[in-house]
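# Geometric and topological summary
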Amino acid sequence: MAAERKFFVGGNFKMNGDRKMLDSIVENLNKTECGNTQVVVAPPTVYLSYVKEKLSDNVNVAAQNCHNVAKGAFTGETSPDMLLDLGISWVILGHSERRHVFGETDELIGKKVQYALEKGMQLIPCIGEKLEEREAGTTEQVVFGQMETIKNNVNDWSRVVIAYEPVWAIGTGKVATPQQAQEVHQKLRQWLAQNVSDAVSKSTRIIYGGSVSAANCKELAKQPDVDGFLVGGASLKPEFSDIIKARC
Ligand code: PGA
């Protein structure tokens with residue numbers, strides 16, 4: 001709970017919402033106040049500008065993904081350059097659905113991290129183990145491996161917020177216990193100290209994602225190495241404001 005790490009709550013809307021639904025989410029966000037917390041929401045790409053125009057300035061907007069080149073023959077992709085042109089400076093990268101539904105490799109995610117940072121964006125790279133990996137006792141090995149690729153492509157840690165999202169907890173209602181989350185977050189922080197620097201380990205936010213709700217957020221937020229959340233399903237509901245206020 002270091003003072004230099006501002007609590008961070010991200011909302012990942014995934015492929016959900018229409019203008020009507022987004023209007024009510026935005027209305028709720030615009031009246032949620034918690035000055036201690038940084039809030040960033042990621043609507044679907046087609047609605048990025050729509051949401052950005054309606055949101056008050058203290059909530060930032062993120063893309064859910066982007067590609068690793070400026071432009072060209074990449075049907076269906078969006079570049080950091082285009083996002084920045086719209087005033088969108090945040091992007092989620094390597095979300096488990098990108099990794100496991102769309103087959104994104106560590107190598108590709110590394111390239112995206114490198115290019116988006118080079119362009120000046122702020123990133124939320126996601127890491128996390130699958131259920132079988134946890135059960136096999138390889139959680140550390142998996143998340144450290146994912147961190148290694150990210151680290152090799154980061155030149156400015158002040159623009160990176162790491163999201164630890166155990167795949168078995170995403171969208172399943174099976175949240176990690178506060179102890180399970182704290183254990184991995186603390187190991188990730190140690191890893192940063194050993195592999196990057198003490199200063200980066202102390203200042204980098206490590207947020208938890210996976211079935212975070214109004215009911216479980218307060219206990220998770222008490223953990224010393226949990227610096228916030230990446231929220232999927234609950235970010236579409238009124239309870240998102242309670243999650244934003246978890247440490248208010
Ligand atoms: P969830 O999703 O909160 O619906 O589990 C989290 C995420 O995928 O970021």
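Please refer to the structure higher up on the page.
Let me sum up the structure you'll find in this document. Since the model is a prediction, treat every value here as computed from it, not as a measurement.

### Some details on the overall build of the protein
Counting its regular elements, the protein contains 11 helices and 8 strands. Relative to the compact-globule value of 18 Å for 248 residues, the protein shows a C-alpha radius of gyration of 17 Å, a close match. Dimensions along the principal axes, computed over C-alpha positions, put the protein at roughly 45 × 45 × 35 Å. Residues counted as buried form 50% of the 248 residues belonging to the protein. For the protein, restricting intrachain contacts to residue pairs at least 6 apart in sequence, the fraction spanning at least 24 positions comes to 73%. Across the protein, 28 positive and 30 negative side-chain charges occur, with their mean positions spaced 2 Å apart.

### Here we look at the packing of helix 5 (residues 106–118) against helix 7 (residues 139–151)
Where helix 5 meets helix 7, the axes come as close as 8 Å, and the angle between the chain directions of the two elements is 35°. For the pair helix 5 and helix 7, the sense of crossing is right-handed. For the pair helix 5 and helix 7, the contacting residues are Asp106, Gly110 and Val113 in the first and Gly145, Gln146, Thr149 and Ile150 in the second. By residue class, the composition of the contact of helix 5 with helix 7 is 2 nonpolar, 4 polar and 1 charged.

### Concerning the sheet that holds strand 2 (residues 37–42)
With parallel pairing, the 8 strands of this closed barrel are ordered in space as 1-2-3-4-5-6-7-8. Neighbour-to-neighbour, the strand axes of the sheet open up by a mean angle of 25°, direction not taken into account. Both strand 1 (residues 7–12) and strand 8 (residues 228–231) contribute to a ladder of 4 bridges, which runs parallel. Looking at the pairing, Gly11 lines up with Val231 of strand 8. Together, strand 4 (90–93) and strand 5 (122–127) form the strand contacts of helix 5, whose direction differs from that of strand 4 by roughly 175°.

Definitions and limits used
Residues numbered from 1 in each chain as written. Predicted model: local features only at pLDDT ≥ 70, side-chain atom pairs only at ≥ 80, totals over all residues. Heavy atoms only, no water. Helix = DSSP H or I, 4+ residues; strand = E, 2+ residues; numbered from the N terminus. Rg over C-alpha atoms; globule rule 2.2 N^0.38 Å. Buried < 20%, exposed > 50% of the residue type's maximum accessible area, 1.4 Å probe, protein only. Contact = heavy atoms within 4.5 Å. Lys, Arg positive; Asp, Glu negative; His and termini not counted. Charge placed at Lys NZ, Arg CZ, Asp CG, Glu CD. Axes fitted to C-alpha atoms, helices over the stretch in contact; angles between N-to-C directions. Left-handed = near helix turned anticlockwise from the far one by under 90°. Nonpolar A, V, L, I, M, F, W, Y, C, P; charged D, E, K, R; others polar. Pairing = 2+ DSSP bridges.

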